[in-house]
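# Structural description and commentary
One-letter residues, chain by chain:
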Amino acid sequence: MNAKSMVTILAVTYGFLGILPLFLGDSSIYMRILTMILIWSVVASCWDLIMGYAGIFSFGQVAFYVIGAYSSAILSVSLNVTPIVSIFMAGTITAIIGVIIGLPCLKLAGPYIALVTFAFQLALEPFLKGPLGKAIGSGGSRGIISVPPIHIFGMDFSSSELVPYFYLTLVLTLICSAVIVVILKSHWGTAFLALKDSEDFAASLGVSAFKYKLLVFAVTSFITGLFGALYVHYVGILSTRMLSMEVFTVLLIMIVVGGIGQYPGVVLGAVVTVTMNELLRPMGIYRLLIMGGMVVVIVLLLPDGVTGLIRKFSVFRMTKKRTEQLKHRNETHESSP
Amino acid sequence: MLKAINITKKFGALAAVDDLSFEVEEGQVFGIAGPNGAGKSTLYNLITGFYKYEGKIEFDGQNITGLPTHKIARLGISRTFQIPQIFESLTVEESVNLGGRFGSSGKYDSGYCDEMISFASLEQERSDKTDLLNLLGKKRLMIAAAMATKPKILMVDEPMAGLNALEIKQMTNLIKKINQDLNITVIIIEHFMKVLTELANPILVIENGSEICTGTPEEITSNPEVIACYLGDTHDA
């Protein structure tokens, strides 16, 4: 997808979400859904960037999100760092951990990277609950309570101030989305795709797999950690429940619905998935079953997600144009002596 | 220009390349032949830094042993692959530009990349996704992307494999043009002896990772050991 189409889809989607508080600002339920759509759309976008574009099957996205949340919570609660500073420090800490996790992954292929990164997520919960976690201020099984809200320009941004918090999240979402588009359309993005398609050929053309794979780990971990941090100052409490399989699964569903490697399809996937997830809450235990069924249907009918539909139309137009070009070329060849 | 000194690569007990030494001089089309499994492609992988090995390889007087592949590419050694490697997510133009941007030691030169697209006769397909190309197109693309790195040596691995007679002629002409018109040293692995003897001089023949002989096409095709282990009695070179 070209940059213009990406920006158009993002502008329409986030623009639409951006005006909804004018009508739904009084409803805390809808405002919470809108806010979570923004947060998850960025976290899922980062996962799509590393998995769908760079071809690295990292399953550590939820872990990076939680590390960002814990880092900012510990910094602000235990060390009294002001939240607007601590969220960026949390992003940096997560990026450093992302690079450390990425290093052994450079030597591994697809499914083994998934195993290593998922094992990292599994190991994170006992670490945070155990004595080591407590020593750094994780609060153990109890977690961290009374995480202060973000306070800037004399205003609090938290779950008690839903509309301001939504717009703060929207601003950061737009900045991070712009960063993702710039990366995808720069030579970094081309290098990611080349390494995904043929690492050997890319290396033989001068692309450093070491540099670009670590770069994608660093960038996606930073943004994911930043949004994890943003979230914790919104809800005010934190525990290892965030590391649940449900969070992981729902995030994965967003990417499948949007289309893997079809950015910004994942943003549309986040809108659909978060909305459905909330609307289906009254279904209780059947909620995830229905979501799973939805994934099966989408994988079978739209393997490239909702973006596949848009792409199908554009490919159809391109094929028609190309056929006409070839026809014209053949006619020119036939008529030439 | 390129000097391999006693290089050895073992996979467990098997020596895929065994104490091999040879030298490629500037401006040559240096041929490499040998039966399947002789170690030809492994040799390419050693030169281009895909595998670690014993021994030493020098390029332009510089020891390149142990350098990673992308750094060797930037020094001026570029290659294609026996099984066509393409970037399915990219267009022809993006693939060639990738070589120009990352593999060239100088500043990125989009004009030169455009020239390489035309040089490899891919002008019509420049905006196409690479998986739409036929086999010849994919081989041309690998060459164009490799050429975009402005190499001093281009290493092509079985460029004629799977091509028909007309396509072989076109590919042969392309390799001749690279060597003669662009003055680039070429190393070529090829099973099709008629093409290899037309293009290359000298030719190195290897078997089980070791050199059988190196010589002119005439010397190679009349060497009894080469005939016995590789060409057979009825070869048509």
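Quantities reported herein were computed from a predicted structural model and do not represent experimental measurements.

Another point: the overall build of chain B. When you go through chain B residue by residue, the secondary structure sums to nine helices and ten strands. Here chain B has a C-alpha radius of gyration of 17 Å; the compact-globule value for 237 residues is 18 Å, and the two agree. Each of the three principal axes of chain B carries a C-alpha extent, and together these read 50 × 40 × 30 Å. Split into buried and exposed, the 237 residues of chain B put 55% on the buried side. Within chain B, residue pairs in contact and separated by at least 24 positions form 65% of the contacts whose partners lie at least 6 positions apart.

All right, on to the interface of chain A and chain B then. Facing 20 residues of chain A, the contacting portion of chain B comprises 27 residues. In this assembly, chain A packs against chain B so that about 2,000 Å² is buried in total across both faces, 67% of it on carbon and sulfur atoms. On the chain A side of the contact with chain B, Phe201(A), Ser204(A) and Leu205(A) bury the most area, a combined 32% of that side's loss. Our enumeration of links across chain A and chain B arrives at zero salt bridges. Counting across the chain A and chain B interface gives five residue pairs in polar contact (both at pLDDT 80 or more). Secondary structure elements with two or more residues in the side of chain A that touches chain B: α9 (187-197), α10 (199-204) and α15 (305-335) of chain A. When residues in the side of chain A that touches chain B are grouped by element, the largest group, seven residues, is from α9(A).

With that settled, the discussion passes to the side chain of Asp157(B). Residues and elements named next belong to chain B. By the secondary structure assignment, aspartate 157 is in strand β7 (residues 153-157). In this structure the side chain of aspartate 157 is engaged in a polar contact, spanning 2.9 Å, whose partner is the side chain of serine 41. Residue contacts for aspartate 157: discarding those within four places in its chain leaves Ser41, Tyr44, Arg79, Thr80, Phe81, Gln82 and Ile189.

A word on the packing of aromatic side chains. According to the stated counting rule, one finds 17 aromatic pairs over all chains in the structure shown. Aromatic side chains Tyr65(A) and Tyr231(A) sit 5.9 Å apart centroid to centroid with 40° between the ring planes, which places their arrangement in the tilted category. Remark: Tyr231(A) occurs in helix α11 (residues 209-235) and Tyr65(A) occurs in helix α4 (residues 61-77); sequence separation between them is 166 residues. When its relative accessible area of 18% is taken as the criterion, Tyr231(A) is described as buried. Considering the side-chain rings of Phe201(A) and Phe81(B), the 6.0 Å spacing of their centres and the 85° angle between planes classify their relative orientation as edge-to-face.

Definitions and cut-offs
Residues numbered from 1 in each chain as written. Chains lettered and ligands numbered in written order. Predicted model: local features only at pLDDT ≥ 70, side-chain atom pairs only at ≥ 80, totals over all residues. Heavy atoms only, no water. Helix = DSSP H or I, 4+ residues; strand = E, 2+ residues; numbered from the N terminus. Rg over C-alpha atoms; globule rule 2.2 N^0.38 Å. Buried < 20%, exposed > 50% of the residue type's maximum accessible area, 1.4 Å probe, protein only. Contact = heavy atoms within 4.5 Å. Buried area = accessible area lost by both parts, 1.4 Å probe. Salt bridge = Lys/Arg side-chain N within 4 Å of Asp/Glu carboxyl O. Polar contact = N/O pair within 3.5 Å; in protein donor to acceptor, adjacent residues only side chain to side chain. Phe/Tyr/Trp six-rings, centres within 6.5 Å; stacked < 30°, edge-to-face > 60°.

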